[in-house]
Amino acid sequence: MSATAKKRAPLPDDIRAAKGGTPLVSLTAYTTPMAQMMDDHCDFVLVGDSVGMVLHGLPSTLGVTMEMMIMHGQAVARGLSSAMMVIDMPFGSYEESREHAFRNAAHLMAETGAGAVKLEGGVAMADTIAFLVARGIPVMAHVGLTPQSVNTLGGYKVQGRGAARDALIADAQAVSDAGAFAVVLEKVPASLADEITALLPIPTIGIGASAGCDGQILVVDDMLGLFTAFKAKFVKRYAHLGDEGAAAIAAYAAEVRARTFPAAEHIFADEAPK
Ligand SMILES: Nc1nc(=O)c2c([nH]1)NC[C@@H]1CN(c3ccc(C(=O)N[C@@H](CCC(=O)O)C(=O)O)cc3)CN21
Ligand SMILES: CC(C)C(=O)C(=O)O
Ligand SMILES: [Mg+2]
């Protein structure tokens, strides 16, 4: 799926079929202009619940609501035409029962036009994933570091090391067996990510996992250097737009105070030019 050869947006089945081929490219987006910027370069775009921490200043993703996801999902949808849109189910919207999960997943998709939902959890969520998939909702799974469980995990730590390795393999196997079309592997040892990638028939999407995964995802504000409150080891900054923005704002402030902005080309004469 090269960026130039794409015509229509891929479907979940196209993403599934990309297993073992050219790595899938993905980023998060929360707004129309960000979605437009990445549309030609990504196979799928995730409206991540990271929006709460990245754009709203929340201390974790636990405070993110359905209403926030719908509003950002609608904004992202307006900026995409050739990438598939996946939307995170927020904390509390899918864990209680598979029926509650279906209702909220259907609401997210109906309101935003997303092609799939993503939810966090392995063995514990397999029954819910199967329930949604059987009723027409494509599901991307997310195992390893699942940020909505930060309070039980005790921080944003590497998952699946040592004795926890087999349980993480079981989580990945369970979501694949349940019918997920792809699975995000977050912050797991590279050798474990490679083992799971070889084991599963569905694509693995790595974030802090391995270059051997079937695809990669990052939070766009992290890779652009726009979000700087913290930087996980797995983040590579491809630009430093936060620094550039601060310098631009400082230049504007200095020009306003020196009365050099606005200049002649930014202001209007009494008469319209002939
Ligand atoms: N900007 C941003 N980027 C993300 O990748 C991201 C979010 N926000 N919000 C939702 C979750 C939370 N995630 C996180 C959050 C923090 C770390 C982090 O600080 N990791 C540190 C070590 C922390 C620890 O060991 O407790 C690191 O160096 O990787 C990693 C992933 C991933 N997601
Ligand atoms: C980091 C990705 C996988 C995510 O779940 C998010 O941005 O919310
Ligand atoms: Mg998320």
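Per an unreviewed UniProt entry, the protein carries the name 3-methyl-2-oxobutanoate hydroxymethyltransferase and comes from Yoonia phaeophyticola. Entered under Catalytic activity (unreviewed entry) in the UniProt record, the comment concerning the protein runs "(6R)-5,10-methylene-5,6,7,8-tetrahydrofolate + 3-methyl-2-oxobutanoate + H2O = 2-dehydropantoate + (6S)-5,6,7,8-tetrahydrofolate".

Asker: Explain the pairing of strand β7 (residues 204-207) to me, please; I cannot follow it from the model alone.
Answerer: Looking along a regular strand, one sees side chains alternate from face to face of the sheet. Side chains Thr-204 and Gly-206 of β7 all project onto a buried face; the interleaved residues Ile-205 and Ile-207 project onto the opposite face, where all are buried too. The pairing of strand β6 (residues 182-186) with β7 spans four bridges and is parallel. Along β7, the bridge assignment pairs Glu-186 with Ile-207. As paired elements, β7 and strand β8 (residues 215-218) share two bridges and run parallel to each other. Bridge pairing in β8 links Gly-206 to Gln-216.

Asker: Teacher, can you tell me more about helix α4 (residues 66-77) here?
Answerer: It helps to recall that an α-helix has 3.6 residues per turn; residues three or four apart then point in one direction. The end-to-end C-alpha distance of α4, which contains twelve residues, comes to 16 Å, matching closely the 16 Å that a straight helix rising 1.5 Å per residue would cover. Regarding α4, the residues found buried are Met-69, His-72, Gly-73, Val-76 and Ala-77. One side of α4 carries all its buried residues, which in axial view fall inside an arc of 140°. Along its buried surface, α4 packs onto α2 (32-38), β2 (44-47), α3 (51-54), β3 (84-88) and α5 (98-112).

Asker: Would you mind showing me how to read the site of ligand 1 here?
Answerer: Surveying the vicinity of ligand 1 reveals 14 residues, the closest of which are Ser-50, Gly-155, Tyr-156, Val-219 and Ala-232. The residue makeup of the shell around ligand 1, split by class, is eight nonpolar, three polar and three charged.

Cut-offs used in this document
- Residues numbered from 1 in each chain as written.
- Chains lettered and ligands numbered in written order.
- Predicted model: local features only at pLDDT ≥ 70, side-chain atom pairs only at ≥ 80, totals over all residues.
- UniProt positions renumbered as here; feature names shortened; annotations may be inferred.
- Buried ≥ 20, exposed ≤ 12 C-beta atoms within 10 Å, placed from the backbone.
- Helix = DSSP H or I, 4+ residues; strand = E, 2+ residues; numbered from the N terminus.
- Pairing = 2+ DSSP bridges.
- Expected span 1.5 Å × (residues − 1).
- Arc of directions from axis to C-beta.
- Contact = placed C-beta atoms within 7 Å.
- Near = placed C-beta within 6 Å.
- Nonpolar A, V, L, I, M, F, W, Y, C, P; charged D, E, K, R; others polar.

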